[in-house]
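Spelled out from the first residue to the last, the chains are:
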Amino acid sequence: MNAPISVEQHELLQKKELTIQLRQGLEGHLPPHAVLWQSEDTTPFECDGLTAYRQRPLLVALPETYAQVQAVLKLCHALNVPVVARGAGTGLSGGAMPHKMGVTLSLAKFNKILKLDPHSRTAQVQCGVRNLAISEAAAPLGLYYAPDPSSQIACTIGGNVAENSGGVHCLKYGLTLHNVLKVKGFSMDGEPVEFGSDALDSPGYDLLALAIGSEGMLAVTTEVTVKLIPKPQLARCIMASFDDIRKAGDAVAAVIAAGIIPAGLEMMDKPMTAAVEDYVHAGYDLSAAAILLCESDGTPDEVDEEIGRMSAVLRTSGATQIAVSQNETERLKFWSGRKNAFPASGRISPDYMCMDSTIPRKRLADILLAIAGMEEKYKLRCANVFHAGDGNLHPLILFDANDAGQLHRAELFGADILETSVAMGGTVTGEHGVGIEKLNSMCVQFSAAENGQMFGIKRAFDPKGLLNPGKVIPTLNRCAEYGKMLVRGGQLSHPDLPRF
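Here the structure is a predicted model, which is why all the values come from computation and not from measurement.

A.B. asks: Teacher, can you tell me more about the sheet that holds strand 1 (residues 35–36) here?
C.D. replies: Remark on secondary structure: sheet strands pair via backbone hydrogen bonds, oriented parallel or antiparallel. The 4 strands lie next to each other as 1-2-4-3, forming an open sheet whose pairing is mixed. Across the chains shown, the open sheet's two edge strands, defined by having one partner strand only, are strand 1 and strand 3 (83–86). Of the pairings in the sheet, the one linking strand 2 (residues 59–61) to strand 4 (residues 103–106) comprises 3 bridges and is parallel in character. Bridging from a neighbouring strand, Val60 pairs with Thr104 of strand 4. The strands that helix 1 (residues 7–26) touches are strand 1, strand 2 and strand 4; relative to strand 2, the one it contacts most, it runs at about 20°. Together, strand 2, strand 3 and strand 4 form the strand contacts of helix 3 (residues 66–79), whose direction differs from that of strand 4 by roughly 165°.

Following this line, the structure appears as structure tokens:
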């Protein structure tokens, strides 16, 4: 008699058989170089910007035409194989981490700008076009695309749609949701889908708003029509220093309360300013407990008036030092530190975990003081940078993955920040998405019934549950286990996901 095989051996056999089926099924649809299945070829796709968790897929498909995308989806649907769509892999919540029994659908080759229309002020682009490339292409027309996440030099518009990305200018100009007119793509069974329209409104339910921020769970995006806006005649930036975190937080609320909507309103604490100043030499005040960057754009008269009003509010709020950019070079220099906060953090720590929660603006100082207490509790450093104008936090928890205990403490630290944000009246995510990172915290944010309703929406679009499964919406079992861990004073991590 043959000896029984182990669970691990059975899984390996399943993987081998399924990989062969997928490769054979894709023959004739994709060229050989567009199908990766050897481990050395699939390893580069094993994670996104959340590098703490890694998983190789069965196969990576790199289609070059819409027909090829459709073929991949139809085959996977027929074989009940999960599909994870991927753009540039710059996401920070694990949304593009592969499924171990699934296909990673890389859309990086869809990088063409299809149409720029200066009359309607729109751009029709493929999903793999970089965020910044849209503004670069529209610049000769005097137009640009407003959402500007810090990764805009690399992140794709398809990924921006999946996560509803923002950026430093989202306070005045809105998130991806407010700057997209139409999204085209395919459902899991390969059927073409279209959300929104070329007009400002479309009949029926607002499915465009549902698709944007759905994290690849409802459909695969292939084309996006975005709004373009005129480049302002002038932009100037105030750099204000504060000797107290609470004064800086209160100043943010005071600016908005004064009826001013800056083009950008960002905040950095002392550890972050030290990190970025050493990296880009932006001229930051290293003695300040916090720095605010407040930008105004428009006509020269509008900018002069708004800069004057904001400066007065900041002085009244306790600013110890105020500098105003005198030219475009100096403005970009002020912003260079904020835009390079993440790479600067990578220079001072082997690893970091970037969180993404939101809170009411009036609680900015409260959350920063709470995070300072958490640094002591978890024995880890944290540098803070965030879109202060809309209360979107980006604490960067610094740790060393070579120390087995530090990753777990970083997870605990991150969950504490998210749950404290909820307790202060905020949410667990602003623009990075839930992915796998915030599954447990979704149990705190939403009730079982609310999570169940979200599953209902997914089933309406993807009855088999094959698009990006196991992410964004926690199961009832996960929430139950998480509740038990909290009662015991512990923390449910991600035991089912491979790390580093």
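A.B. asks: Would you mind showing me how to read the packing of aromatic side chains here?
C.D. replies: Given two aromatic rings, their pairing is described by the distance between the two centres and the angle made by the two planes. Tallied over the entire structure, the rule returns 5 aromatic pairs. Arranged with centres 5.4 Å apart and planes meeting at 5°, the rings of Tyr66 and Phe110 form a pair that is stacked. Note that Tyr66 is positioned in helix 3 and Phe110 in the loop between strand 4 and strand 5 (113–117), a separation of 44 residues in sequence. We classify Phe110 as buried; its relative accessible area is 1%. An angle of 80° between the planes, with centres 6.5 Å apart, marks the rings of Tyr144 and Tyr173 as edge-to-face. Residue Tyr144 is located in strand 7 (residues 143–144), and its partner Tyr173 is located in helix 6 (residues 170–173); the two are separated by 29 residues in the primary sequence. Owing to a relative accessible area of 22%, Tyr173 belongs among the partly exposed residues under this scheme. Directly above the aromatic system of Trp37 lies the positively charged group of Arg23, at a separation of 3.8 Å from the ring centroid.

A.B. asks: Please clarify how unusual backbone geometry should be interpreted in this entry.
C.D. replies: With the exception of glycine, the majority of residues adopt a negative phi angle, and the majority of peptide bonds are in the trans configuration. One non-glycine residue, Arg121, lies in positive phi territory at about 55°. Mapped onto the secondary structure, Arg121 falls in the loop between strand 5 and strand 6 (122–126). Phi is positive for His281, close to 55°, though the residue is something other than glycine. For His281, the location among the structural elements is in the loop between helix 9 (270–280) and strand 14 (290–298).

A.B. asks: Which parts of the structure should I look at to understand the pairing of strand 18 (residues 381–387)?
C.D. replies: It is a general feature of regular strands that their side chains alternate between the two faces of the sheet. Counted residue by residue, strand 18 has 6 buried out of 7 residues, so it is predominantly covered. Relative to strand 18, strand 13 (residues 264–269) runs antiparallel, the two sharing 2 bridges. For Met267, the partnering residue across the bridge sits in strand 18 and is Phe386. Pairing of strand 18 with strand 19 (residues 392–399) involves 7 bridges; the strand directions are antiparallel. Counterpart to Cys382 in the pairing with strand 19 is Ile397. Where strand 18 hands over to strand 19, the hairpin turn is made up of 4 residues, of which Gly391 adopts a positive phi near 70°.

A.B. asks: Before we go on, may I ask you to explain the sheet that holds strand 9 (residues 192–196) in this structure?
C.D. replies: Read from one edge to the other, the open sheet built from 5 strands follows the order 5-6-10-8-9, with strand pairing classed as antiparallel. Single-partner strands in this sheet number two, and they are strand 5 and strand 9. Going across the sheet, the axis of each strand differs from the next one's by a mean of 10°, ignoring polarity. Where strand 8 (residues 180–186) lies against strand 10 (residues 220–227), 6 bridges are found, and the strand directions are antiparallel. Pairing of Lys182 across the sheet is with Thr225, part of strand 10. The strands that helix 4 (residues 131–138) touches are strand 5, strand 6 and strand 10; relative to strand 5, the one it contacts most, it runs at about 45°.

What counts as what
- Residues numbered from 1 in each chain as written.
- Predicted model: local features only at pLDDT ≥ 70, side-chain atom pairs only at ≥ 80, totals over all residues.
- Heavy atoms only, no water.
- Pairing = 2+ DSSP bridges.
- Helix = DSSP H or I, 4+ residues; strand = E, 2+ residues; numbered from the N terminus.
- Contact = heavy atoms within 4.5 Å.
- Axes fitted to C-alpha atoms, helices over the stretch in contact; angles between N-to-C directions.
- Phe/Tyr/Trp six-rings, centres within 6.5 Å; stacked < 30°, edge-to-face > 60°.
- Buried < 20%, exposed > 50% of the residue type's maximum accessible area, 1.4 Å probe, protein only.
- Lys NZ or Arg CZ within 6 Å of the ring centre and 35° of its normal.

Just geometry here; none of it tells us what the structure is for.
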